[in-house]
Amino acid sequence: MRPQNPLSVQRLVRVSLLLLALFFSSKARAQGPAPETAPPLFPGGGLLSYNSVFTTRSSMPGISGGIPATAFPTFTHEGDFNFTWGFYRDFDLTVLVPIVTTSFESAGTPTVGGTGLGDARVLVKYRFYRRDSERGTTQASVTFGPKIPTGRTNLQSLNGERLPASLQPGSGSTDLFVAANWTYTGLFNIKRLVADEDFHALVPSQGTTATRLGSDLESRFWLSYRPYESKNVGWEWFIGPELTWLHSQDERIAGVTQSGSGGDVLLAGITTYVGVRPGLHVWVGMDWDVAHSTGAMFMPVRRHVSFGITQQFRLHF
């Protein structure tokens, strides 16, 4: 009969890591439901995940009163519900539905905001490259699809005026999402060292209040190491630093470009994933602003905070 002590220690470690995840959830951000972003789900596979993301931004400089038309929330919470299905070899389909809470605070101005359904995304991923070697596996994929205007756009200020589009949970526009992902395992011939790059862009159209939000580009590089992996890959741990570049273009309101409303931010942080049992991951991550541009109306992201949980399964049709 197996001794009980090793099992008890393993359970204690798992519980401790879960408690750490909950403790750091107010200070973390991670990239998504899977540690590696390039691979699609296996054919017939599915996953459900929830990701809770907290974002804080700097206040807009030079506000004398009122809410600027280009103001972004100083605090945002986004709860993302993700369903992904591997419907064919090298392809998967994702439906992502967010619940968004926004809040805008500024000296001399009452706090405004609210909660509502955000804009859903329907995305298809195609892995066009995979190469296995003694070192590890290299994979590359592209993702594309629409962001659909399902989100709430009728939040109002205290005087009954509709808030700017950038403060609404939804945009009122149908946008295009495109992404490219690359995963390289066995970096420097270290079997458990993984380099992962996620580059994506959101190209908007005109939406609510005659506003066309600026296009967003994001490049995120994560270097992770797996200190532990069980034989059945049920219990595993990924951890490593990440570096993110965010670029936002200027907004256009009623056809007029709002110069200085866009800019660049460089964030640095750390992300960790824990495999609790086969197919079940929890993750925690965090990053902070280390450099940003200084546009007249630009409100740079100062911190991202996130935690999430993913369950994979098989779909039988």
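Keep in mind it's a predicted model, so treat the numbers as computed, not measured.

## A closer look at the pairing of strand E15 (residues 280–292)
Consideration 1: Alignment of strand E14 (residues 263–277) against E15, held across 12 bridges, turns out to be antiparallel. Its bridge partner lying in E15, leucine 266 is registered against alanine 291.
Consideration 2: In this structure, the hairpin formed by E14 and E15 is closed by a connection of 2 residues, where glycine 279 is found at a positive phi of approximately 90°.
Consideration 3: The sheet contact formed by E15 and strand E16 (residues 301–314) spans 9 bridges and is antiparallel. Bridging across to E16, valine 282 finds its partner in isoleucine 309.

## Comments concerning the sheet that holds strand E13 (residues 256–257)
Consideration 1: Here we have 3 strands laid out as an open sheet, ordered E9-E12-E13, and antiparallel in their pairing. This sheet does not close on itself; its edge strands, each paired only once, are strand E9 (211–212) and E13.
Consideration 2: Two elements, E9 and strand E12 (residues 252–253), share 2 bridges in a ladder whose sense is antiparallel. Across the sheet, residue arginine 212 finds its bridge partner in E12, namely arginine 252.

## Examining the nonpolar core
Consideration 1: Residues Met60, Ala71, Phe104, Val112, Leu155, Leu163, Leu167 and Met299 constitute the largest nonpolar core, which totals 8 residues.
Consideration 2: Sequence-distant contacts of leucine 167, that is, excluding residues within four places in its chain, are made with Ile67, Ala71, Phe72, Pro73, Thr102, Phe104, Val112 and Leu155.

## A closer look at unusual backbone geometry
Consideration 1: Phi angles above zero are rare outside glycine, and aspartate 90 is one such case at about 70°.
Consideration 2: Mapping aspartate 90 onto the fold places it in the loop between strand E2 (75–88) and strand E3 (91–106).
Consideration 3: Positive phi values are uncommon outside glycine, yet asparagine 189 reaches one of about 60°.
Consideration 4: Relative to the elements of secondary structure, asparagine 189 occurs in the loop between strand E7 (175–185) and strand E8 (193–203).

## So, the packing of aromatic side chains
Consideration 1: Following the criterion strictly, the structure yields 10 aromatic pairs and no others.
Consideration 2: Ring geometry for phenylalanine 54 and phenylalanine 75: centres 6.3 Å apart, planes at 40°, overall tilted. Here phenylalanine 54 is found in strand E1 (residues 45–57), whereas its partner phenylalanine 75 is found in strand E2, with 21 residues between them in sequence.
Consideration 3: Ring geometry for tyrosine 88 and phenylalanine 91: centres 6.3 Å apart, planes at 50°, overall tilted.
Consideration 4: Above the face of the phenylalanine 72 ring, arginine 57 is positioned so that its terminal group lies 4.7 Å from the ring centre.
Consideration 5: One residue, arginine 135, lies across the ring of tyrosine 184, its end atom 4.0 Å from the ring centre.

## Overview of the layout of surface pockets
Consideration 1: Reported here for the second largest pocket is a volume of approximately 280 Å³.
Consideration 2: Forming the walls of the second largest pocket are 16 residues, and the residues nearest its centre are Ile67, Ser157, Glu161, Arg162 and Leu163.
Consideration 3: The biggest single contributor to the lining of the second largest pocket is strand E4 (residues 109–117), with 3 residues.

Quick notes on the rules
Residues numbered from 1 in each chain as written. Predicted model: local features only at pLDDT ≥ 70, side-chain atom pairs only at ≥ 80, totals over all residues. Heavy atoms only, no water. Pairing = 2+ DSSP bridges. Helix = DSSP H or I, 4+ residues; strand = E, 2+ residues; numbered from the N terminus. Core = buried A, V, L, I, M, F, W, Y, C linked by side-chain atoms within 4.5 Å. Buried < 20%, exposed > 50% of the residue type's maximum accessible area, 1.4 Å probe, protein only. Contact = heavy atoms within 4.5 Å. Phe/Tyr/Trp six-rings, centres within 6.5 Å; stacked < 30°, edge-to-face > 60°. Lys NZ or Arg CZ within 6 Å of the ring centre and 35° of its normal. 1 Å grid on protein atoms, 1.4 Å probe; cavity = no way out; pocket = protein on both sides within 12 Å on 5 of 7 lines; lining within 4 Å. Points joined across faces, edges and corners; volume = space filled by probe spheres on them.

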